[in-house]
Amino acid sequence: MVVLAGMVLPKSAPHIPQQLQAAASVVAADLAYARSLAVTYASKYRVQFDVSNNRYWLEHSGANPKLDLLPASTFFEVRSGGKQLVVDLGRIPQLPDSVRLVAIQQGGVLFTGVARVEFAPLGQTTELVPTIIWLSAGGGPARRFIAVHLNPATGVATIGAISAIDPNLAAASIGAASPG
């Protein structure tokens, strides 16, 4: 039975909540990896998000060039001669192409292009405000969102609840409602 289930289950697409939870777990784990490198090597490491291309990459951003070559990892695509470890969300096994990076939010501002998070040697981020990485899955009325929250003081990522509210629309309505 277990063998049959193992052969059938991977072929069936998970529902949207499971897709989002899985994608958010991958992002949170990769942020934890970047943070651990910063602490281990007492240097700075950056995760750069490219929302429009649905990917992000890890690179050393500290002053010691000997740390630019990153440790090999089976979960990242190695680029730039080992100086960048790249995750393309569309290429993660078992996740459908509908899982997307939506925006990166820092200090209430949504970035839909390229944004970054940098970890310092004590594990904290170099930004003074929380960072939220927004992901989505599905389409039309079934589209759902999930947030990965990054605490600036600790550098620890936590996964939020699944929501039907598009962060881009929510930010636009808040901006329109605020006196200015």
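J.: How should the confidence of the model for the protein chain be read in this particular structure?
T.: Fine structural detail should not be taken from predicted coordinates in areas where pLDDT scores are low. Across the protein chain, pLDDT averages 85, with 84% of residues at or above 70. In the model of the protein chain, helix H1 (residues 2–8) stands out as the element of lowest mean pLDDT, 42, in contrast to strand E10 (residues 157–159), which has the highest, 98. Low pLDDT, under 50, characterises residues 1–13; the stretch is placed with two contacts to residues that sit more than four places away or in other chains. In this model residues 174–180 is a low-confidence stretch, pLDDT under 50, and it forms zero contacts with partners more than four residues away in sequence or in other chains.

J.: Any chance you could explain the pairing of strand E1 (residues 45–50) here in plain terms?
T.: The side chains of a regular strand alternate between the sheet's two faces. With respect to burial, E1 is a largely interior element, six of its six residues being buried. The pairing of E1 with strand E2 (residues 55–60) spans six bridges and is classified as antiparallel. Bridging across to E2, glutamine 48 finds its partner in tryptophan 57. Hairpin remark: E1 followed by E2, antiparallel, with four residues in the connecting loop; positive phi at asparagine 54, about 55 degrees.

J.: What should I look at first to understand the sheet that holds E1 in this one?
T.: Whenever strands of a sheet pair, they do so through backbone hydrogen bonds, lying parallel or antiparallel. Overall, antiparallel pairing links the five strands, which are arranged E3-E4-E2-E1-E7 in an open sheet. Two strands bound the open sheet, and with one partner strand each, they are strand E3 (77–79) and strand E7 (114–119). Sheet twist, expressed as the average angle between the axes of neighbouring strands with direction ignored, equals 25 degrees. Pairing analysis gives three bridges linking E3 to strand E4 (residues 84–88), with the strands arranged antiparallel. Across the sheet, valine 78 pairs through a bridge with leucine 85, a residue of E4. Contacting E1, E2, E4 and E7, helix H2 (residues 16–41) crosses the sheet at an angle of about 155 degrees to E1.

J.: How do you make sense of the environment of tyrosine 56 when you look at a structure like this?
T.: Mapped onto the elements of the fold, tyrosine 56 is located in strand E2. Sequence separation of tyrosine 56 and aspartate 30 is 26 residues, and the distance between their C-alpha atoms is 9.8 Å. When residues no more than four places from it in sequence are discounted, the contact partners of tyrosine 56 are Val26, Val27, Asp30, Val47, Gln48, Phe49, Leu85, Val86, Val87, Leu89 and Leu101. Only 2.4 Å separates the side chain of tyrosine 56 from the side chain of aspartate 30, close enough to count as a polar contact.

J.: Where do I start with the pattern of salt bridges in this structure?
T.: Proximity of charged atoms lets side chains of opposite charge pair with each other. What the rule picks out here adds up to eight salt bridges. Between glutamate 59 and arginine 46 there is a salt bridge, and its shortest N-O distance comes to 3.0 Å. Placement of the pair is glutamate 59 in strand E2 and arginine 46 in strand E1, with a sequence separation of 13 residues. Residue glutamate 59 shares its accessibility class with arginine 46, and that shared class is buried. In this structure, aspartate 50 engages arginine 55 in a salt bridge whose closest nitrogen and oxygen atoms are separated by 3.6 Å. For arginine 55, a relative accessible area of 23% gives the class partly exposed. When salt bridges with common partners are traced through the structure, they connect Glu77, Arg79, Asp88 and Arg91 into a single cluster.

Here is what the cut-offs are and how they apply
- Residues numbered from 1 in each chain as written.
- Predicted model: local features only at pLDDT ≥ 70, side-chain atom pairs only at ≥ 80, totals over all residues.
- Heavy atoms only, no water.
- pLDDT = per-residue confidence, 0-100.
- Helix = DSSP H or I, 4+ residues; strand = E, 2+ residues; numbered from the N terminus.
- Contact = heavy atoms within 4.5 Å.
- Buried < 20%, exposed > 50% of the residue type's maximum accessible area, 1.4 Å probe, protein only.
- Pairing = 2+ DSSP bridges.
- Axes fitted to C-alpha atoms, helices over the stretch in contact; angles between N-to-C directions.
- Polar contact = N/O pair within 3.5 Å; in protein donor to acceptor, adjacent residues only side chain to side chain.
- Salt bridge = Lys/Arg side-chain N within 4 Å of Asp/Glu carboxyl O.

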